[in-house]
Structures are given as C-alpha cells and as structure tokens.
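# A structural walkthrough
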Amino acid sequence: MKKQFKNGHRMLESFGYEFIVQCPNCNEKSKVISPEGLYYRNAIIRFICMSCGLLKEMIPSTNCFNQNVISYGNSWREGLINIGGNYDWYFGYPLYLQVACCGRTLWAYNLEHLSYLEKYVEAELRGSSPYYLSVESRLPI
Ligand SMILES: [Zn+2]
C-alpha cells in the first residue's frame, strides 16, 4: 500500500507557537516560544537557551488600532512579527532545523512542522488542490 499525504491545509502560521533556533550567544539549539498565538496583543515572547542560560523577552509592536504589526516576506524588521523566512518571527534568529535541498533551503519551525513536511515528502500519493496558502502548496508536487 502506498503512503499517502492527505492535505491538511495547514498554514505556516499554525506552526508559529514555537521555534527551534540557533542561540546567538553559544550557537546551540534553543527556543523562541509564543504560547498565546499570533494575534494576541501584548503577549510576551520568550527566547530561552538551555545551554548558556540566555533569556530574552519582547512584546511585538502594535499599530494605531492596537493590533500586532505583521510583516510577510523574506526580510526581517525589529519589533514586528516577521513571517516567511528561515528565522523565528520575533527575534530573527536562524532556525535550527534547516538544510540545503535542491538549490534552496528546506526549513521547519519546530518538530511538528518537521513531521508535517516529512509526511508530505515521503508520501507516494499526495492530495490534489491544496489550499493556496497552505504549507503543502509551496512544496514540489
Ligand atoms: Zn546559548
């Protein structure tokens, strides 16, 4: 029986509660945690390194409507929530789970994200017509 991947239509934002990153101090594996979610105002975002003990906190900037300011794309801007590159959304630290693949970089925010990608890649049969903003819509067929 062939392995199948049924489209979960998961958007990248759904994996953004935790980022496994490279510590800027000791280069070891560390975490950025955003437990309240993307749209929760004044949420405290924490960076924690269990190797060297570095701890940082930040609160994302809000606009005049008291909404979190979100930036999409491959550039990172301090104070905003930056979605789309191979770094965490809040501090801009490089993701720990990334590898060169087919001339580009394959990356994952956390183990759940990595597992989702793994299931897609190892499948011999994949669902058709994924939601256009889903993670699987950005992967090769
Ligand atoms: Zn560290």
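Let me begin by describing the structure that accompanies this report. Because the structure is a prediction, the values reported are computed rather than measured.

To continue, consider the coordination of the zinc ion. Ideal values for angles at a metal depend on the geometry: 109.5 degrees with four tetrahedral donors, 90 or 180 degrees with six octahedral donors. Only C23 (SG), C26 (SG), C49 (SG) and C52 (SG) from the protein reach the zinc ion as donors, at distances of 2.3 Å. Every donor counted, the four donor atoms about the zinc ion form angles of 105 to 117 degrees at the centre, which fits tetrahedral coordination. Written as a sequence motif, the donor arrangement for the zinc ion is C-x2-C-x22-C-x2-C. Highlighted residues: C23 in the loop between β2 (18-22) and β3 (29-33) and C49 in the loop between β4 (45-48) and β5 (55-58), separated in sequence by 26 residues.

Here we take up the nonpolar core. Within the largest apolar cluster, 31 residues are counted, with the highest numbers of intra-cluster contacts made by F19, V32, F47, W89, Y90, F91 and Y109. Every element with two or more residues in this core is listed here: β2, β4, β7 (81-83), β9 (104-108) and α1 (111-122). With sequence-adjacent residues up to four places away left out, F91 is seen in contact with V32, I45, R46, F47, K56, E57, M58 and W76.

Here we take up the side chain of N7. Tracing the chain through its elements places N7 in the loop between β1 (4-5) and β2. Here the side chain of N7 touches G127 through a polar contact of 3.4 Å, landing on its backbone oxygen. Polar contacts involving the side chain of N7 include one to the main-chain carbonyl oxygen of S128, which spans 3.1 Å. Not counting residues within four places of it along the chain, the set of residues in contact with N7 comprises G127, S128, S129, P130 and E136.

Parameters and conventions
- Residues numbered from 1 in each chain as written.
- Predicted model: local features only at pLDDT ≥ 70, side-chain atom pairs only at ≥ 80, totals over all residues.
- Heavy atoms only, no water.
- Donors = N, O, S within 2.8 Å, 3.2 Å for Na, K, Ca; no water.
- Tetrahedral: all angles 85-135°; square planar, octahedral: opposite > 155°, others 65-115°.
- Helix = DSSP H or I, 4+ residues; strand = E, 2+ residues; numbered from the N terminus.
- Core = buried A, V, L, I, M, F, W, Y, C linked by side-chain atoms within 4.5 Å.
- Buried < 20%, exposed > 50% of the residue type's maximum accessible area, 1.4 Å probe, protein only.
- Contact = heavy atoms within 4.5 Å.
- Polar contact = N/O pair within 3.5 Å; in protein donor to acceptor, adjacent residues only side chain to side chain.

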